[in-house]
Amino acid sequence: MRRLWFIACIVALVAAPLHAQDRLDVVASFSILADLVKNVGGDRGNVTTLVGPNGDVHVYTPAPSDARKNAGARILFVNGLGLEGWLPRLVQSAGNKATIVTVSNGVAPLKHGSDADPHAWQSIPNVEIYVANIRDALIAADPADAAVFRANAAHYLTELDSLDAEVRAAIAKIPPERRKVITTHNAFGYFAAAYGVEFLAPVGVSTETEPSARNIAALIQQIKADKIPAVFLENLSDDRLIARIAAETGAKARGILYSDALTDEKGPAPTYIDLIRHNIKALTSALGN
Amino acid sequence: MSLYAALVAPFTDFEFMRRALAAIIALSLGGAPIGVFLMLRRMSLVGDAMAHAILPGAAIGFLLYGLNLLAMILGGLIAGFLVALLAGVVARSTGLKEDASLATFYLASLALGVTIVSVKGTNIDLLHVLFGNILAMDDQALLVVAFNATITMLVLAVIYRPLVIESVDPLFLRTVSRAGTPAHLAFLALVVINLVSGFQALGTLLSVGLMILPAGTARFWSRDVTGMISVAVLAAMFSGYAGLVLSFQTRIPSGPAIILVAAVLYVASVLFGSVGGLVRQLFPGRHLEA
């Protein structure tokens, strides 16, 4: 499979030799999105990331160097759904000509009250929509390399399909009454909807909100009543609150789930596919028998 | 809902509520007296300045040891001490006032902190991670605030006289004793310890708010420092308890709930306080005549 992809790239490269030097400069707003764009762009795209690995995209403040990164780019990929609240100011101040592409176009948003939950990438079918959007945007910006982008996207989509099947198979092995998990902030709504695992969290959708005593008490009561077996931490959040809840309920803290950012190369989740694999492994080992 | 269920049951049912209450009591004992002296010395805004001043220390701790709370707190303490002491020394030895010299040092410190964080190129909001939440008190955080309260009360007992005299009449103190400067520096150190450990346990809002608002309340109920300190400690404890209950019953986040209660107490005191309250001023009682 990998070789086939390699050959496709070579063929594409030979087919478009005139453009071999000028790679398409694009910017992605955060690490997971950057990984998707890299997979579709392959060696024809030059991807810069604004909020890198282990960075928190909710509470991020752009620096002047980000405006500079933006200024040279042809496309700025953003998640949308309210994730990048800091974006409008950045775009204004950079005064750039980049096309802004919202990759979540076409995703059915989950609602929390009146606001959409931005964490749509936690469901693989949604990411397949992301990938299609990225592909179309890249082709529109660089029609000469259309064949490369199509081949890359098609290849990546088959990988995502098998990943999706993998996740469903893993969840199917967990007894339905044990499919309940506590995490630090409410980032797994789409995962829950797509795969039927229930996630509860003391902090809302953004890491910025603060919990009330009522929320914590309700969560503790629910953990006790439903006998929820495991709580998970995330790579960005302060875990003292979740540790306290675990101590009070007897649920075990069972490692880390990665929600909003990839890890660096040495970590367990350097790519989107690794991230999903890591999470699903952590879930099955905590919730399985 | 019975009164017991509303006011007591939250604390008997949930350990995190008991821990939060214990933390509030310790914080009130340490922070409220400090707040009174800050107010008397016109340094009420020092707490907010300090929240920014600790950034370079926390950032260096983060650079050396990663996301290690202890390293970040120690770094923050050192940065806070440096800023407070340098500002204190400059204010004492030159004509620059305390608030102005503190402002310059904390701004420089903040700039240094932002620079260090940017060099590392991380996008984690360090202070966001460092600042804790009253509902998440672990053993370590509880010990820290309790230790804090103990140290604060002991040191205050030692430097109480020079501190009071200097707050009221610094020139007089200078003519009779040379304890003024050391007492002032010891006091600044207390301020920093209370703030930084308060930040990591409870967050900025609570640790500064429970210091300053009860002190402002106390000003309207007592004329002497001892009385003010007692009122401030009681007001802080009451705000903490009532705020926690409020947060439990209404879903208002705990930190803001506690500070809002303290603010209501303050407003009521401004209006009805027995010492200089507005209502008293408008409708003074008859003067007793001999």
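Because the structure is predicted, anything quoted here is derived from the model rather than measured. (Residues numbered from 1 in each chain as written. Chains lettered and ligands numbered in written order. Predicted model: local features only at pLDDT ≥ 70, side-chain atom pairs only at ≥ 80, totals over all residues. Heavy atoms only, no water.)

### A closer look at the interface of chain A and chain B
With 26 residues of chain A in contact, the opposing surface of chain B contributes 30 residues. Summed over both sides, the interface of chain A with chain B buries roughly 2300 Å², with 57% coming from carbon and sulfur. Three residues stand out in chain A for area buried against chain B, namely R214, R240 and R244 of chain A, and they jointly supply 31% of the buried area on that side. At the surface where chain A touches chain B, the tally comes to one salt bridge. Measuring nitrogen to oxygen at the nearest pair gives 3.8 Å for the salt bridge that ties R244 of chain A to E15 of chain B. Seen at the junction of chain A and chain B, the total is five residue pairs in polar contact (both at pLDDT 80 or more). Breaking the side of chain A that touches chain B down by element, the ones donating at least two residues are β2 (45–51), α8 (213–226) and α9 (240–249) of chain A. Here the element with the most residues in the side of chain A that touches chain B is α8 of chain A; it accounts for seven residues. Residue composition of the side of chain A that touches chain B, grouped by class: 11 nonpolar, seven polar and eight charged. (Contact = heavy atoms within 4.5 Å. Buried area = accessible area lost by both parts, 1.4 Å probe. Salt bridge = Lys/Arg side-chain N within 4 Å of Asp/Glu carboxyl O. Polar contact = N/O pair within 3.5 Å; in protein donor to acceptor, adjacent residues only side chain to side chain. Helix = DSSP H or I, 4+ residues; strand = E, 2+ residues; numbered from the N terminus. Nonpolar A, V, L, I, M, F, W, Y, C, P; charged D, E, K, R; others polar.)

### Regarding the sheet that holds strand β3 (residues 75–78) of chain A
Residues and elements named next belong to chain A. If you walk across this open sheet you meet the four strands as β2-β1-β3-β4, and the pairing is parallel. Where the open sheet ends on each side, the last strands, each with one partner, are β2 and β4 (99–102). Put simply, the sheet's adjacent strands are angled 25° from each other on average, direction ignored. Across six bridges, the pairing between strand β1 (residues 24–30) and β2 is parallel. Looking across to β2, one finds that D25 is bridged to N46. Each of β1, β2 and β3 is contacted by helix α2 (residues 31–41), which is oriented at about 150° to β1, the strand it contacts most. (Pairing = 2+ DSSP bridges. Axes fitted to C-alpha atoms, helices over the stretch in contact; angles between N-to-C directions.)

### Quick notes on a nonpolar patch on the surface
All names here are of chain B. On the surface, W221, Y266, V267, L271, F272, L278, V279, L282 and F283 cluster together into a nonpolar patch covering about 880 Å² of accessible area. Broken down by element, the nonpolar patch gets its largest block of residues, four residues, from helix α14 (residues 254–272). The topology assignment puts V279 in helix α15 (residues 278–282). (Patch = residues over 30% accessible without salt bridge, like charges linked within 9 Å, V, L, I, M, F, W, Y side chains within 5 Å. Areas by Shrake-Rupley, 256 points an atom, 1.4 Å probe, with all protein chains shown as cover.)

### Let's talk about the pattern of salt bridges
All names here are of chain A. Under the definition given, this model contains 11 salt bridges over all chains. Here R168 makes a salt bridge to D164, at a shortest N to O gap of 3.2 Å. Taken together, the residues span about one helical turn, with R168 and D164 both in helix α6 (residues 146–172) at a distance of four residues. Judged by relative accessible area, R168 falls into the partly exposed class, the value being 37%. On the accessibility criterion, D164 (13% relative accessible area) is buried. (Buried < 20%, exposed > 50% of the residue type's maximum accessible area, 1.4 Å probe, protein only.)

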